[in-house]
Amino acid sequence: MLKAINPATGKQIKEIEEVQLSQAGELYQKAEQAQKLWNAKPVKERLEYFKALRLLMASKLESLTTILHADTGKPKPEALATDIVPVLDFIQHLEKTAESALSKQNKPTTMMFWGKKSYIEYMARGTILIISPWNYPLQLAMVPVLSALAGGNAAVLKPSEVTPLTGKLIELLFKEAGFPPHLVQVAQGGKELGEALVKEKPDYIFFTGSVKTGKVIQEQAAKDLIPTTLELGGKDPLIVFEDANLDRAAKAAVWGSFTNSGQVCMSTERVYVQRSVYPSFVRKVQELTVSLKQGSSLNDDIGTMTDPRQIQTVREHVADALNNGAKLMAGNLPEEMEEDSMYIRPILLIDVKQDMKIMQEETFGPVMPIMPFDTEEEAVELANGTIYGLNASVWSSDLERAERVVSRIVTGNASVNDVMLTVMNPNLPFGGVKQSGIGSYHGENGIRIFCHEKSVMTDPGKKGTEIQWFPYRGKYKPFKALFQTVYGTEKNWKQAAQAFRTIMKHSK
Ligand code: NAD
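Starting from 1, residues in each chain are numbered consecutively following that chain's sequence as written. Owing to the predicted nature of the model, reporting of local features is limited to residues with pLDDT of at least 70; listing and counting of side-chain atom pairs is limited to 80 or more, with chain, interface and lining totals taken over all residues. Derived side-chain values reflect all non-hydrogen atoms in the structure, with water molecules and hydrogen atoms excluded from consideration.

- Going by the annotation in an unreviewed UniProt entry, the name recorded for the protein chain is Aldehyde dehydrogenase, with Metabacillus mangrovi given as the source organism.
- UniProt positions are given in the numbering used here, feature names are shortened, and annotations may be inferred rather than shown by experiment. The UniProt entry for the protein chain carries the following text under Sequence similarities (unreviewed entry): "Belongs to the aldehyde dehydrogenase family."

Quick look at the structure:
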């Protein structure tokens, strides 16, 4: 049994039955049958189920928010706006775009193959294993599941064992919305169940979680040549130039660092500020940080941490920074943090250095370290100076400069004069580079990754042969003459036409 614990109260809410490791294979057998029937339905018909799910969720906003709040400790407004609404938005996006994304895509045919038709079609892969984390337990599970279903697949979802109530909720939502049995199977359990499900050879693995786990999964998947998408961690920089709207930038940095208690893959984890405005920016950010309200009422800004293990990482990174010369401007010293509390007051650090853990490793907690820089070149170098590349944010009133800097940051996502933004627009692909992941989803690609991409060329079938087929006798010289004109600089179309006739004669 998995214990669902409310992080705000420490009380157990429910016990939820785990799937036995020995049952992993059975899930895929059941999924296979369901997938065949589902895949036979036209996309339009699949989308009717999606609409039913959207309407069902929209009618249950209060109960969904209450469950997410209890399962994660995030404030209710945050649960609603940043975990539930993105799912509704994504369903609507699929309703609008899935048919066109999955339809045959006609492509031009090169001159060499004149007379033939070329297109791409998308074929479901089969059963997709989706393994999800605890920080946005609804959207990071449901968005890939729905994208996989849109493409005609079945899904086995292994949600995080840290937030099993949300896993249960997802199972009930699909059931209540009327989806066919076994099309979406929610397999509750821990890391061992995740391992067992990977070993049972799904047709595709979509993983969201830490770099460490991503590497373990990729290694196993490679042994069976199972394709994967890996959505992993980040250490996102926020760069403020001296001509930026400082008030807006300071507010954004505070939200970007502390929303969901910093437990966001796209959290602002490093802030770089141009030296001339550094003191005033620090002052603004400090004022805003100390004014944040922490608790679990509807008017509180900062909730609890969700996974107690994460608190240890936060303490360790902050202690390392302070021991190496950083200064605490807001929040508690590690030794002042209450031992058994899941609340961490937002922490502001200055005098940090680029090689500290707090600037290099993913903290995944409510900590904002700020550091000054002098030149644009230096800002780019600092931003690129970690193993991660998930997201970045650049602030300047000179949009040309901001976009120039964005172009030089090695990252999968970026925003100008805004923060943590692109993931909210389902029309844009979302994914990390460097150690932040492999592949992307959302956008058109978000459905297509769950499909085999099949290239097809069709010939009317009336000609007796093709010029490139056997026999080759007598074709080499006229081939050269033809291709020199087609691809070279010297165009002798008369000679090319003659060459073509000769090739045709030899092709009979
Ligand atoms: P995690 O890697 O510990 O666990 C993620 C999931 O993997 C869980 O369901 C867990 O049970 C499962 N798992 C763990 N070990 C496994 C194994 N060996 N085989 C199969 N499954 C296994 O991550 P977490 O602590 O749940 O989540 C936090 C991490 O997720 C952070 O690093 C964060 O940056 C990352 N994240 C990334 C994104 C993104 O979109 N890039 C989004 C959210 C979170």
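On we go from here.
1. Considerations on the sheet that holds strand S3 (residues 105-107)
Phase 1: The strand order across the open sheet formed by three strands is S3-S4-S20, and the pairing between neighbours is antiparallel. The strands lining the two open edges of the sheet, one partner per strand, are S3 and strand S20 (451-458). Neighbouring strand axes in the sheet, compared pairwise and without regard to direction, differ in orientation by 25° on average.
Phase 2: Note that S3 and strand S4 (residues 117-124) share three bridges and pair antiparallel. Each residue of the ladder has a partner; that of Lys107, found in S4, is Ser118. In this scheme, strands are said to pair when DSSP sees at least two bridges between them. A run of H or I in DSSP becomes a helix once it reaches four residues, and a run of E becomes a strand once it reaches two; helices and strands are each numbered from the N terminus. Only the stretch in contact is used when a helix axis is fitted, and all axes are lines through C-alpha atoms; the angle between N-to-C directions ranges over 0 to 180 degrees.

2. Considerations on the sheet that holds strand S13 (residues 347-350)
Phase 1: What the seven strands build is an open sheet, ordered S12-S13-S14-S11-S10-S16-S17; its pairing is mixed. Only two strands of the sheet have a single neighbouring strand rather than two, namely strand S12 (327-330) and strand S17 (413-416). Looking at each pair of strands side by side, their axes are set apart by 20° on average, direction ignored.
Phase 2: Taken together, the four bridges between strand S16 (residues 391-395) and S17 define a ladder with parallel strand orientation. Each residue of the ladder has a partner; that of Val394, found in S17, is Val416.
Phase 3: Running over the sheet, helix H9 (residues 246-258) touches strand S10 (236-240), strand S11 (268-274), S13, strand S14 (367-373) and S16 and is turned about 140° from S14. It only takes one pair of heavy atoms within 4.5 Å for two residues to be counted as in contact.

3. Observations regarding the UniProt feature "active site" (unreviewed entry) in the protein chain
Phase 1: Per the UniProt annotation, the sites labelled "active site" (unreviewed entry) are Glu231 and Cys265. Across 35 residues in sequence, these annotated residues keep their C-alpha atoms within 9.0 Å of one another, forming a single compact spot.
Phase 2: Mapped onto the secondary structure, Glu231 falls in strand S9 (residues 228-231).
Phase 3: The contact partners of Glu231, leaving out residues within four places of it in the chain, are Phe206, Phe207, Thr208, Gly209, Phe430, Gly431, Gly432, Ser436, Gly439, Ser440 and Tyr441.
Phase 4: Its place among the elements puts Cys265 in the loop between H9 and S11.

4. Observations concerning the domain arrangement of the protein chain
Phase 1: For the domain bounds, the source is a domain assignment made automatically or taken from a database. Along its sequence, the protein chain is organised into domain 1 (24-55 + 85-232 + 442-454), domain 2 (236-425) and domain 3 (467-507).
Phase 2: Between the C-alpha centres of domain 2 and domain 3 there is a distance of 64 Å.

5. Some words on the packing of helix H13 (residues 376-383) against helix H14 (residues 399-408)
Phase 1: Packing of H13 against H14 brings their axes to within 10 Å, and their N-to-C directions diverge by 35°. Regarding H13 and H14, the two cross each other, and that crossing is right-handed. On H14, the residues touching Glu376, Glu377 and Val380 of H13 are Arg401, Arg404, Val405 and Arg408.
Phase 2: Polarity classes work like this: nonpolar for Ala, Val, Leu, Ile, Met, Phe, Trp, Tyr, Cys and Pro, charged for Asp, Glu, Lys and Arg, and polar for all others, with Gly in that last group. Its residues placed into classes, the contact of H13 with H14 shows two nonpolar, no polar and five charged. When the near helix sits turned anticlockwise from the far one by under a right angle, the crossing is termed left-handed; a clockwise turn instead gives a right-handed crossing.

6. Considerations on the nonpolar core
Phase 1: Core analysis: the largest hydrophobic core is formed by 88 residues, its most contacted members being Phe50, Met57, Phe281 and Ile370.
Phase 2: Take this core: its biggest share by element is ten residues, from helix H4 (residues 76-102).
Phase 3: Shared between two domains, this core takes at least three residues from each, and those domains are domain 1 (24-55 + 85-232 + 442-454) and domain 2 (236-425).
Phase 4: Dropping the residues within four chain positions of it, Phe50 is found in contact with Trp38, Ile91, Leu94, Glu95, Leu146, Leu149, Ala150 and Phe179.
Phase 5: To define a nonpolar core, start from buried Ala, Val, Leu, Ile, Met, Phe, Trp, Tyr and Cys residues and group those joined through side-chain atoms within 4.5 Å. Accessibility here uses a 1.4 Å probe with only protein chains present; expressed as a share of the type maximum, an area under 20% marks a residue as buried, one over 50% as exposed, and anything in between as partly exposed. Met305, Val314, Met342 and Leu382 belong to the second largest nonpolar core, which has 30 residues in total.

7. Description of the site of the ligand
Phase 1: In the neighbourhood of the ligand, 29 residues make up the surrounding shell, with Glu161, Ser210, Thr213, Leu232 and Glu362 lying closest.
Phase 2: Whenever two N or O atoms come within 3.5 Å, that pair is a polar contact, provided that in protein one can donate a hydrogen and the other can accept it, and provided that, for residues adjacent in sequence, both atoms are side-chain atoms. In the model, an oxygen atom of the ligand is placed 3.0 Å from a nitrogen or oxygen of the Trp134 side chain.
Phase 3: Glu362 has a polar side-chain atom sitting 2.5 Å from an oxygen atom of the ligand.
Phase 4: Here the ligand has 860 Å² of accessible area as a free molecule, and 92% of this is covered by the chains.
Phase 5: At the level of elements, helix H7 (191-199), strand S8 (204-208) and helix H8 (211-223) are the ones that each hand at least two residues to the shell around the ligand. Throughout this document, a residue counts as near a molecule or strand when at least one of its heavy atoms sits within 4 Å of that molecule or strand. All accessible-area figures derive from a Shrake-Rupley calculation using a 1.4 Å probe, and residue coverage is judged against the displayed protein chains alone.

8. Re the packing of aromatic side chains
Phase 1: For Phe, Tyr and Trp, rings pair up if their centres lie within 6.5 Å, where Trp contributes its six-membered ring, and each pair is then called stacked (planes under 30 degrees apart), edge-to-face (over 60) or tilted (otherwise). The tally for this structure, following the rule as stated, stands at 14 aromatic pairs.
Phase 2: Summarising the aromatic geometry, the rings of Trp38 and Tyr49 are spaced 5.2 Å apart at their centres and angled 70° between planes, so their arrangement reads as edge-to-face. Highlighted residues: Trp38 in helix H1 (residues 24-39) and Tyr49 in helix H2 (residues 43-59), separated in sequence by eleven residues. By the burial criterion, Trp38 is buried, and Tyr49 matches it.
Phase 3: Where Tyr49 meets Phe179, the ring centres are 5.5 Å apart and the plane angle is 50°; that geometry is what we call tilted. With Tyr49 in helix H2 and Phe179 in the loop between helix H6 (164-176) and strand S7 (184-186), this pair connects stretches of sequence that are 130 residues apart.
Phase 4: Assessed through its relative accessible area of 8%, Phe179 is described here as buried.

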